[in-house]
Amino acid sequence: MRDILLKNGPVIAGVLAAAELVIALLLLGRYGKEKRPIRLLMALVALGLFYDAAVLACGSFLPEDILKPLSQLRFVFHGVLIPLLLPICAEALGWKKTAKTVVWIVTALLMAGGLVSGIVTKLEPSQTAGITRYLSGEGTPALADRFTRILSYGTVVPLIAAGIAVWIKKKDSCLFLAGLLMFAFSALGPATGNFDLIFLIGMFGELFMVLFFLLYKGRRK
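A short tour of the structure in this document, coming up. Throughout this description, residue numbers start from 1 for each chain and increase along the sequence as written. With pLDDT at 70 or above as the cut-off, local features in this predicted model cover only qualifying residues; side-chain atom pairs require 80 or more to be listed or tallied, and sums for whole chains, interfaces and linings still use all residues. Processing note: side-chain calculations cover all non-hydrogen atoms of the structure and skip hydrogens and water entirely.

### So, the overall build of the protein
Where helices and strands are cited, they refer to DSSP runs of H or I of at least four residues and of E of at least two residues respectively, numbered from the N terminus. Broken down by element type, the protein carries 10 helices and two strands. Compactness check: the protein gives a C-alpha radius of gyration of 17 Å against a globular reference of 17 Å for 221 residues, within 12% of the reference. Judged by the C-alpha coordinates and their principal axes, the protein covers about 50 × 35 × 35 Å. Whether a residue is buried, partly exposed or exposed follows from its accessible area with a 1.4 Å probe, protein chains only, as a fraction of its type maximum: under 20%, in between, or over 50%, in that order. The burial tally for the protein puts 44% of its 221 residues in the buried class. A contact between two residues is defined here by any heavy atoms of the two lying within 4.5 Å. Counted over contacts in the protein with a minimum sequence separation of 6, partners at least 24 positions apart contribute 69%. Only four residue types enter the charge count: Lys and Arg as positive, Asp and Glu as negative, with His and the chain ends excluded. By convention, the point assigned to a charge is CZ for Arg, NZ for Lys, CD for Glu and CG for Asp. Looking at charge distribution, the protein has the averaged site of its 23 positive side-chain charges lying 16 Å from that of its 13 negative ones. A radius of gyration in this sense is built from C-alpha atoms; the matching globule rule multiplies 2.2 Å by the number of residues raised to 0.38.

### Some words on the layout of surface pockets
Only protein atoms enter the 1 Å grid used here, on which a cavity is any set of points holding a 1.4 Å probe that cannot leave and a pocket is any open set flanked by protein within 12 Å on both sides along at least five of seven lines; residues with an atom within 4 Å of a point are listed as lining. Grid points are joined across faces, edges and corners, and a volume is the space filled by probe spheres set on the points. Within this model, the largest pocket holds a volume of roughly 860 Å³. Lining of the largest pocket is provided by 28 residues; of these, R74, H78, T148, S152 and F199 occupy positions nearest its centre. Contributions of two or more residues to the lining of the largest pocket are made by α3 (37-58), α4 (64-81), β2 (131-136), α7 (142-154), α9 (174-191) and α10 (198-215). Polar here means any residue outside two lists: the nonpolar Ala, Val, Leu, Ile, Met, Phe, Trp, Tyr, Cys and Pro, and the charged Asp, Glu, Lys and Arg; Gly therefore counts as polar. Grouping the constituent residues of the lining of the largest pocket by class yields 15 nonpolar, seven polar and six charged.

### Here we look at the pattern of salt bridges
Two side chains that carry opposite charge are able to pair once their charged atoms sit near each other. A pair is scored as a salt bridge if a Lys or Arg side-chain nitrogen falls within 4 Å of a carboxyl oxygen belonging to Asp or Glu. Summed over the entire model, instances satisfying the criterion amount to five salt bridges. Of the charged contacts, one joins E34 and R39 as a salt bridge, the two residues approaching to 3.1 Å between their closest N and O atoms. Within the structure, one salt-bridge network assembled from shared partners comprises E34, R36 and R39.

### Quick look at α7
Helical periodicity: at 3.6 residues per turn, an α-helix aligns residues three or four positions apart in one direction. The end-to-end C-alpha distance of α7, which contains 13 residues, comes to 17 Å, matching closely the 18 Å that a straight helix rising 1.5 Å per residue would cover. Buried residues of α7: A144, F147 and L151, and no others. The arc that holds the buried residues of α7, viewed along the axis, is 65°, so those residues lie on one side. Exposed residues on α7 whose side chains face more than 90 degrees from its buried face are A142 and I150. Under the convention used throughout, the expected extent of a helix is 1.5 Å for every residue step, that is, one less than its residue count. This arc corresponds to the set of directions leading from the helix axis out to the C-beta atoms.

### A few points about the packing of helix α8 (residues 156-170) against α9
Angle between the axes and distance between the axes: these two values describe a pair of packed helices. Here the axes come from fitting lines to C-alpha atoms, over the contacting stretch only for helices, and the angles between their N-to-C directions go from 0 to 180 degrees. Contact geometry for α8 and α9: axes closest at 7 Å, N-to-C directions at 150°. Here α8 is positioned roughly antiparallel relative to α9, judged by the angle of their axes. The interaxial crossing formed by α8 with α9 has left-handed handedness. Note on element contacts: α9 touches α8 through L175, F176, A178, G179, L180, M182 and F183, opposite V156, L159, I160, A162, G163, I164, V166 and W167. By residue class, the composition of the contact of α8 with α9 is 13 nonpolar, two polar and no charged. Angle categories are assigned with fixed cut-offs, so that under 35 degrees is roughly parallel, over 145 is roughly antiparallel, 65 to 115 is roughly perpendicular, and the rest are oblique. Each crossing is labelled by how the near helix is turned from the far one, with a counterclockwise turn of less than a right angle marking it left-handed and a clockwise turn marking it right-handed.

### A few points about unusual backbone geometry
Note on backbone geometry: most residues besides glycine have negative phi, and most peptide bonds are trans. Although it is not a glycine, K35 adopts a positive phi angle of roughly 60°. On the basis of relative accessibility, which here comes to 57%, the residue K35 falls in the exposed class. Phi angles above zero are rare outside glycine, and A129 is one such case at about 55°. Note that A129 resides in the loop between β1 (123-128) and β2. The class of A129 is buried, set by a relative accessible area of 8%.

Printed below as a string of structure tokens:
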């Protein structure tokens, strides 16, 4: 499996990006029909992940003066869109207006922090599996790096917890599977010693997460 990933990085990223775009458009279509906020939130997360994968897929042939600013936006979009997992949880759990307001305040603060962290991140190029990408490099404030890591993992845990509650209450396991598979693939790289491929392996978890977003039904409130 490692050899396959190493030899086909750009192709894999391109396929994942295309799949995430299709899912994002389907979620937007469902939002248009159902008018449920959770569909729009899920679609925005899927669009952010599509952008991330698309930039990685194009990294092997885009010139530096184009790839670098596009990569800066990867960090910005990650910081702004990943916190939306929290209101997704609140919508799925059917929380009342007051509780949702609190969640949105927390989300807005995280989004603001994510935006600032994405902007102040200093980039340096790296190449793995045929993919040229920009990573957080020397000069990036330690707090920004720490905040980005907190967003990556700290928002998935509430998704798993909310997924368990929704599974029990509404007999729909999709939200739980979305969080669980995202977490599992994030941990798979380190667990197998493929530290250089964490980003590529984790992208499969992102695809599964938005796929189960698409499969999620829940109940109308």
